[in-house]
Structures are given as C-alpha cells and as structure tokens.
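# Residue-level structure breakdown
Listed here are the chains, written in short residue letters.
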Amino acid sequence: MLHLSILLWLPAAFGLLGLLVPSRSARWVGLLGAVLALALSIVFVLDFDAGGAQYQHVTDTTWISALGVRYQLAVTGLNVWLVLLTTVGFAFSMAWISFTELGTHERAKHVVLHLGIAQSAVLGALLAQDLILFVAFFDLMLIPFFFITAQFGNGDRVPATIKMIVYTLVGSLLMLVAAIAVGVLATPSGQSVSYNLAEIAARGVPKGSQGWLFACFAAAFLVKMPAFPIHGWLADGYKAMPLPILAVFSGVLSKVAIYGFLQIALPLLPQGTADLRWVVLILAVLSILYASSLALTTFNARLVLAYSSVAQLGFITLGVMSLRPDGASGALLQSVNHGVAVFGAFLAVAILSKRTGGSEDLRDMGGAATKAPIFAVLFVVVTYAVLAMPGTANFVGEFLILRGAWEGTAPGLAIVASLGVALAAVYALRLFIRGSHNRVGPTVEPREGTRPELALLAVPVILIVALAFHPQQTVDAADDATARSVLPAAARVGESHVEKILRSDPELARLTPPAAFSSKAAPAAAAVTPAAEPATSGSASQSDPATDPNTGQQVPSSGGGAGTTVQVDPSTGQPVDPSTGQPVQTEGAGR
Amino acid sequence: MIELAATKAPHIDWAGISSLLALFAGSVVVLLVGLLRARFARHTLVPALTIVAFAASIGLAIWQWDEDKSLMSGALALDPLALIGVVGIGVAGIAAVLLSIGATAPREAAHGEYHAMMLVAAAGAAMFVGAQNLITTFLGLELLSIPLYVLSATELHRRRSLESGLKYLIVGSVGSATLLYGFALIFGATGELDYSAIANAVSTQGLGDDPLMLGGVAMVVVGLAFKASVAPFHQWTPDVYEGAPTPVTAFMATATKVAALIAFLRLFDVALIGTSNAWGPALAALASIAMIVGNVGALGQSSMKRLLAFSSVAQAGYMLVGVVVGTQLGVQATVFYVLTYVVMTVAAFAVIEAAERETGHDGVSALAGLGRRKPLHAVALTLSMLGLAGVPATVGFVAKLRIVQSAADGGYTWLAIVLVVGSMISFVYYLRVVAQLWSDAPAGAEVAPRTQAVEVERPEAVATTTVAAEAGTPKVAVAGAGTVVVAGATQLPMTVLAVVAGAAIVVLGVVPGPLMTVVEDVARAVPGLF
C-alpha cells in the first residue's frame, strides 16, 4: 500500500539527513531526496485512476482532537498533476543548485534543509483534505524561502524578503481566521467541529457570511500569485531570490494559490464565489494587462519573467473564475504548463546572465544564437511555451481558459484578456531576441552553456514537448474534479450558467452531490443520490448545494439519446471505472 | 460555613496547599543556606535547592491534579486552573534559576536572598492563580510583586537596574492601588468577598448595571491590565524589562504573565461573569489596543529585551481574547496560550542571556552571526521567534489557532481579525531577528570573545577588542560608571535550557494533543461557562 505520508515527509527527512553529512555532499543528499520524491510521485500519477474514487490513497488520523483538526491526505484529480509538478520543480531546483555556488557554499546544508522543508510543505498543502492542515502547510511553505533568501539572496535581501513574507501573510493569516470561521459556522449546533473539506461542503456555510469569508480566502490566494494591486512584494522579492530557488518559487508556489481556489474557495463558499467573482475576474484581467505591459518595458530579464508569471496567473484565475469545468480544467493544465516553462525560462536567464558576467539587464545580453546554438535552440522552445504558441500545451490551456471565459463570463472580458495572449508573444520574443540575436552587449563572453546547464535545460524542453503531444492526460485527471468544484458555485451564479455547462457536457450532472471523504466510496455511490431523489423540486436551489442535480437531472434525461449518457448509467449502478473514464475522453475530443 | 469560620479557625487541607507550602518552605531553607560561608553552599547548593523547591511544587501540584475543591473556607481554589498555573510558574522559576547560574545579579544581591525572593514571588503567583476571594487575590498579588520590585534592582552597580526597580515599584503600586480600590467598590456593591458569592449577588440582585459595581469592575480591569502589561497600561514594561537583570526579566515575563492571565480568567469569567456586557467590550478594546501597540512598538527596537517587552504586550493582547469571549473554549485557549508562551519566552531569554554574557549587551546586533558561532542557540531562538510569530509546525501556531477558534466560536471574529493583523506586523520584527541570527557574522566576531568591556548605557556600542580570559571563576569588574565586564561566565545552563525549550516548541507544535488534553481539564474550574 502506497502511503501518502511517505511522499509528504520524504523531502524534509532528506533535508534533515543533509545536516548529518559534510557540507560538500549535502547537495547530493538533497538531490537524492528530491529524485526519490519525484519517482514516488510518478508512481502516484500512474496509479491514479481518473474515473475512480474522488479521494485516492486516503490517510486519515487525528491531529488535534480538541480542535477537530485531522491529518487527512488524499490524491484527487485536482492535485495529482500539481503534485507531480511540485516534485519535478524541486528536483529541478535541487539539481540546478548542485552545480552552482549555492550547492558548494559552506552552508549548503541550509539550502538543502530549507528546500526539503519547503517541498514537504507544498506537497502538504496540495494533499491536505483538512482545511486547517491546508492553512498550516500553506503558511509554512513560505518560511523556508525566507531563510534561503535572507542568507543567500542578492542585494538588499533582508528587507525584500521580509516585505515578501509580510505581504503574503496578510492574506494567509486572514485566511486562517476565515478557515476557522468556515469550520465553526458550518457546524450545526450540537455537533463537533470538523474541518474536513468534503464535510464542510456537505454541511454548507451560512450564506450571509460567505462574502467576507470568500474575500479572505481570495486575498490569501491573490497575494500569493500575485494579482495586480497586491503585487508590491513581487519585484523586490524576485530580485533578491537566488535564481534556482526563484524557479521553483515562481513555478510551483503560485500554483498552490490556484489550487486553493479550486479546492477550497469555490466548493466551500459557492455563494460567496458567485457574489464576488466579478471582482476577482476584473483583477485577473487587470493583472494580465498591467503585468504584460510592464513585462514589455522592463529591461531586467528576471522581471520580464516575473511579470509574465503575473499575467499568466491572471489567465489561470480567469479560467477558474469562469466557473466552467472547461475553463477550470484549462486553468489546471495551464498551471502545469506554466510551471514547466518557468523552470526552463529561469535557467535560460541564469545562463544568459553568466555570459554577461552577472548582469541580468537585457541590454547587456545578445548574440547567444550564433555563439551558443544549442542553448538558443532549447531557449526558443521554452520561449514558445511561454508565449503559448499553437502546438504547445500552453496554447491548449489558454484556449480552454478563453473559451471558458467567453462562455462563462462575458465575451468582452475574454476579448480584453486575449490581448494578453498577443502581448505575451511580444514580451517573450523580446526576451529571446534580446538574449539571442541582438547586437552583442559590451561585456558578453561568447560561450555556450556548460554541459550540466544544457542537460538541465533539456528537461523542461522535453516536458514541454511531451505536454504538447499529450495535454489530454492532465485534463482527463482533472475533469471530474474541476467540475465538482465549480458546479456548486456555478449553480449560485444562475440556472442558465449551469444549463449552459450541462448542455455542452451532460455527463457532469452526475458529479454535483459532494462525495464523502473516503477512498472506499466510489463516485458511483454518491451519484446515485440525485437519481434516487428526483422528487425534490427544482425551485429549492437556494437551500443546499446539492440542488442543481435537479436541473442536471432534466438535462441528461432529455439528452439521453446522446449515447454518452448511456455509458454512465451502468457506472452509476456499479463502480466500473473504465466506463466512467470513457465519456471523459469523448468530452475532451469535443474540444 | 460563615458562622463556623467566625467561631473557630477554618479547616486547613495541608495536602491541598502543599504545592504552595513547598515554595514557602523552600524560600526559608534557601535563605538560611545562603548564610553559610562555604562557596559551594552559596553557589551550588542554593540554586539546586531552589530548583528542588520548584520541582517539588510542580510535583505536588500534579499529585493533587484530580482534586476539585476550595481550601480554607473558600479562600483558595484547588482546581486544574490553579494547578496548571502552579506548574507554569514552577517551570518559569526553574528556567529563571538556570539562567541565574553564573549571572551577575545573584552575586550582587547575595545568592540566598536572590533565590529566596524568587521563591516568594513564585509563591505569591501560585496564591494569585488559586485565589477565590478578593483578599487572597490581593495578598497573592502583593506577594508576587514586592519581591519582583527588589529583584529588578539587584544589579546594584547598574543605574538601569536601579531605575527599573524604582519604576516598577511606582507603577506597580499604582496598579495595585487601583486594583484594591476596585475590590473595595465591588465589595461595596455586593457586600461579598468570595468570587462565587459575588457572582451570585450580581445575578440575584441585578447588579449588572449598578454604577458602583461597574466602577469597581473598571478599576479592576485597569489594575490587572497594569500587571499583565496590557496596553495602554504597558508603559513600564519596556524600561523594566530592559533594565532588570535578564534572568529576572525572564521570570517576570513568564511567571507574572501566567499568574496575571489566570487571575484575569478567574476574576472575570467566574466572579464578574454577570457583568460581562460591561467589561466584554472594554476588554476587547484593550486587547486590540495591546495587539496593535505592542506589535507596532516592537518594530523599532534594537534591544532584544525591549523587543520582547513590546512583544509581550502584544501577546498579552492575544491571550486576553480568550478571557473576552468568556466561554470554556476561551478559557482553555488562554491557558494553552500562556503555557506555550512560557516555553517560547524561556527559549528566547536563554539565548539572550547567553549572548549578553558573551558580548555584554542585548542589542539585536549581539546576535549577528550566532548561527555560525552557536548553532544550537541560533536554532532555539529561531524557533522561539517563529513560535511567537505563530508559524505552523511550532506550538505558537496551535496556540493562535485555539485563540482564533474560541474567538470565532464566541462571536468575536473581528477580534480574531485584529489578532492576525497584529501578528502580521509582528512578523517584521521577529523575522528581522531571525535574519540577523543567520546573517554573516561581522568581521572580527569569528572568535567568540570571552571578555569584553561594554558601555551598558549604550547597548549598540560593542567593544571590538577582545581579551582572552583564562577559563575559570566568573568575575565581575566595575570599569567606570555603568560598564560591566563579565568574564568566562558559564554557558551550559543556557544551552541546555535553550535546547530543551526549542525542542518543546517543535514537539508541542507537531503533537499538541497531550498538552491540549491536559488543558481541557481547566474547564472544570469554570463550570458556569458554556
């Protein structure tokens, strides 16, 4: 039996192990831990059954009984690919460190330890199925980056990193209050408090409180990304952080915020989401426009990538907040794509800046295409991924997001957002051209990247190519899960919103009732419930989250001739997994 | 009962007050042993006996754990709330004694007196947490405070220390006087001294909005706020913390906090619960002011002791939240928080005392590069700072979680939001200390200096010339007004304390279950709450 706790604590354990060996070999211990975690997470991905139970590999024990907090972990469709992204990202970062001065530093142990703790914290935030556990890991994952940056960063690092921490904590600590309030408010009188996500979703949070609670969660997640008006820490923080650390920080940690929206804010606070989603949507579009224009004008290569991340995360948020399964699946796919592309992009910047003798100014770079052809080829692939060239998975992701935004929000918003796609092409190509073609800068050493650098840069390139050929795998795993998280909120937006979703994909009706938190309960068991209670009239859509089954109920029956639904009905009767996997693919093909 | 008490002396349950007696007996023994001329007796036996007295008090408290009654005609309570207070005070006392080994203060004040006063203060604190009657409350408070006034001034050669003692005496007396006046007014309104009788009188006679009663409550709030250093009655805290000898500061920060907060709980959530409509908003306002003032005040501090003083103001604000909500969850949350606060603060003071002996001052700069010089100390202080800030995986997070949960549960969510805004500010100064710890050491500090002459008045003035001292007996020399030279002072007790407390911060943060189960018992002491 595979145990999630092993994956969760393995990196931290190796980080501690690194303390016991001499400083010079600490990096190899860290790398070994990261690679083992990567291998383990690949096993979990392969083992994941896209059509199977909602929660797989469940771990569930008491943590703080007095508070009702439990240690609950599970692999779900939402987190399985992000877990892989995390282990890839940290293994990448650890490998990168092992041949830079961070790895040979006399205090390299600290880097290894803190990266290990950070990885465990990120994995914990992704796997946690208990709200408080999630919040704890979410807050914890920032602290190791503080230590690394404060000790090994560049320039005026301590104020920069404290600013970063305080900014992000504004959101995180508000989220802590909101999380506890969610748990307390959702508890019916006489019952004990539970912070299990599925349990809270089933109990329902009082509608009057959902607005401010959602605002607190959104604040935490939007600062972490960061989104437009609350991105003050970004420039200083990015400039201070060492590049190998920044790659994983930018590529992985911001995705946890996206995941937080899908995993927590949407399913637990459907009413709040429906009420406030326009605020988030507008912030997302503003982020896209603002960050894209900054990325166009700055000459610091790091900041180009920093602002491009902000713009990309704006897109991803747009997809999530479209409250449509396709937009949300696109958002998850895009999260993985963007993470992978960012790993490569930061490594490329590091190689470029080494050529210029440490400067990260675009004006000092140039000429890599002729003097460093292998590097330039790899870099161009990364650039294509960043600008979402058709043919890359990034294009698929952006397409899904924009489609979701077009259908789920307002066409105008999607049109404005798509300006960001055009701008992305400009700034990504600007980065590439300035680095590889332009007039050679005054201090450039004409040399190719070293072998380890190129080998490492090849990893994200290979992943980008692989994702380009098989974007479907990610979406498949995510489809059911994203539908589960957006449907309750979609229902609160309005009946027409849900009808639209169900018209394009009648399958989804079976997903609406929240499943109990256990790996034993197949989704089929939960799916029977709406079918068994057709008597509840459609007007009750205010009272509980499971109402839209009613609307959903009618659609599949009317569209029953579509053939795809016929395949589901047997699966609702008995937990035959491949049959549930089947319609998901047909739906994907419809795109 | 009352007639009985009038006619003959009340029955005394010796087992019940044994933990209190252990402290008093210890103080007498220590005082006498301190008179012996032998060096061994004064320097080794006295601290050892003091620790034994504290340990005995803790042991007896645990032995009495399942008891649930009142002693001496209701003057003292013997319930988990009082006993957990005794345990917390005992732990704080042991830590303070360990910090005093090799310190200047006990040598200047004579070992016997110094340790005896600490034991008497602890006995006062133990009485204060158990008090169930306005008279014993006041007695306990004075017994706690007066030795502390003296202890603060024990570093006689240092003007700061004397100033600190005098300041504490004056402000503390104002606090005590206010409290006493408040008690008098409450007695005037209800005609009762016992807590339960007061609660009864308030509910039966409808004194919830009686001006006399409310005047008394207001003065009690102010008096206790002075003791617990809740803003805006905290002005003495930074000066006293900074001026007092570090072991005394550590004792003051921990034991007084435990005593004052538990007294708050007992007085407000038992005796005055009927007037909670009046004091609820007032205490909530005080708590929010304390959180904001404490955290903002700590931002600009360069002395670690001042920083911790302001941080303790903020922490008192967090702990008051549990009192304000007035539920059983709130009581448990406050007790849990105050116990973890003891652990976290002890770790911090152990490292500060060690750094102070090494460099002669307690400025944040004394900690620069500690991560290289003394990794164990640096790790312990890091954990302490992260714990006080409330980072997950430390016990501070769990404690804050409890407080926030009790606030959300008791309808004081806005107070929880003030709390997290406060702790957000607190990250700035806690993390600045942590960054300093792990930064590169300033040039020349690679070799740990054993002897230094430092101007105490200006904490930032670090002497850069280091003189190698022969290892051996600690010695003190007075080199000009206000300049201290501490040589070859032992570091071992500090290291042990720092490591133990640091480990406790993490272990309790990851496995908080057992301590939480213990704390749940205190609910028995406040049966009137939900």
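Please read all numbers here as calculations on a predicted model, not as lab measurements.

### With respect to the overall build of chain B
Tallying secondary structure elements over chain B gives 21 helices and 5 strands in all. Within chain B, buried positions represent 65% of all 530 residues. Sequence separation of at least 24 residues holds for 78% of the intrachain contacts in chain B that already meet a minimum separation of 6.

### Some words on the packing of helix α9 (residues 195-205) of chain B against helix α12 (residues 246-271) of chain B
Residues and elements named next belong to chain B. Orientation of α9 relative to α12, taken along the N-to-C sense of each, is 35°, at an axis distance of 8 Å. Taking contact as the criterion, the partners of Y195, I198 and A199 in α9 are, on α12, R266, V270 and A271. Its residues assigned to classes, the contact of α9 with α12 comprises 5 nonpolar, no polar and 1 charged.

### Focus: the interface of chain A and chain B
Counting from both sides, the interface comprises 27 residues of chain A and, opposite them, 29 residues of chain B. For the side of chain A that touches chain B, the secondary-structure elements that each account for two or more residues are α6 (131-140), α7 (143-152) and α8 (157-186) of chain A. Broken down by element, the side of chain A that touches chain B gets its largest block of residues, 13 residues, from α8 of chain A. When the residues that make up the side of chain A that touches chain B are grouped by side-chain class, the tally is 24 nonpolar, 2 polar and 1 charged.

### Regarding the nonpolar core
Residue and element names in this part refer to chain B. If you look at the biggest cluster of nonpolar residues, it comprises 435 residues, and the most contacted ones within it are V321, A347 and A350. Here this core takes 21 residues from helix α15 (residues 328-359), the largest share from any one element. Apart from residues no more than four positions distant in its own chain, V321 is found in contact with A287, I403, A407, Y412, L415 and L419.

### Topic: the packing of helix α17 (residues 375-389) of chain B against helix α20 (residues 492-510) of chain B
All names here are of chain B. Axis separation between α17 and α20 bottoms out at 9 Å; the angle between their running directions is 40°. One way to sum up the angle between α17 and α20 is to call them oblique. Here α17 runs over α20; the crossing is left-handed. Along the contact surface, α17 presents L376, H377, V379, A380, L383, S384 and G387, while α20 presents T495, A498, V499, A501, G502, I505 and V506. Looking at the contact of α17 with α20 residue by residue, the class counts come to 9 nonpolar, 5 polar and no charged.

### Description of the pairing of strand β1 (residues 56-64) of chain A
Note that β1 of chain A and strand β2 (residues 69-75) of chain A share 6 bridges and pair antiparallel. Bridge pairing links I64 of chain A to V69 of chain A in β2 of chain A.

### Details of helix α15 (residues 325-355) of chain A
All names here are of chain A. Along its 31 residues, α15 runs 45 Å from first to last C-alpha, staying within 8% of the 45 Å computed at 1.5 Å per residue. Most of α15 sits out of view: 29 of its 31 residues are buried. A positive backbone phi angle near 75° is found at G357, which sits one or two residues after α15.

### Brief notes about the pairing of β2 of chain A
Burial analysis of β2 of chain A places 6 of its 7 residues in the buried class, which makes it a mostly covered element. Linking β1 of chain A to β2 of chain A, which pair antiparallel, is a turn of 4 residues; within it G68 of chain A sits at a positive phi near 75°.

### Quick look at unusual backbone geometry
The peptide bond linking M225 of chain A to P226 of chain A adopts the cis configuration, its omega dihedral lying at -10°. Here P226 of chain A is to be found in the loop between α10 (207-224) and α11 (234-240). In the segment running from A231 of chain B into P232 of chain B, the intervening peptide bond is cis, with an omega of 0°. Along the chain, the position of P232 of chain B falls in the loop between α10 (211-227) and α11 (236-243). One non-glycine residue, H57 of chain A, adopts positive backbone phi at about 55°. Within the secondary structure layout, H57 of chain A lies in strand β1. Phi is positive for A393 of chain B, close to 80°, though the residue is something other than glycine. You can call A393 of chain B buried: it has 24 C-beta atoms within 10 Å.

Parameters at a glance
Residues numbered from 1 in each chain as written. Chains lettered and ligands numbered in written order. Predicted model: local features only at pLDDT ≥ 70, side-chain atom pairs only at ≥ 80, totals over all residues. Helix = DSSP H or I, 4+ residues; strand = E, 2+ residues; numbered from the N terminus. Buried ≥ 20, exposed ≤ 12 C-beta atoms within 10 Å, placed from the backbone. Contact = placed C-beta atoms within 7 Å. Axes fitted to C-alpha atoms, helices over the stretch in contact; angles between N-to-C directions. Nonpolar A, V, L, I, M, F, W, Y, C, P; charged D, E, K, R; others polar. Core = buried A, V, L, I, M, F, W, Y, C linked by C-beta atoms within 7 Å. Parallel < 35°, antiparallel > 145°, perpendicular 65-115°, else oblique. Left-handed = near helix turned anticlockwise from the far one by under 90°. Pairing = 2+ DSSP bridges. Expected span 1.5 Å × (residues − 1).

Everything listed here is a matter of geometry and, on its own, says nothing about what the molecule does.
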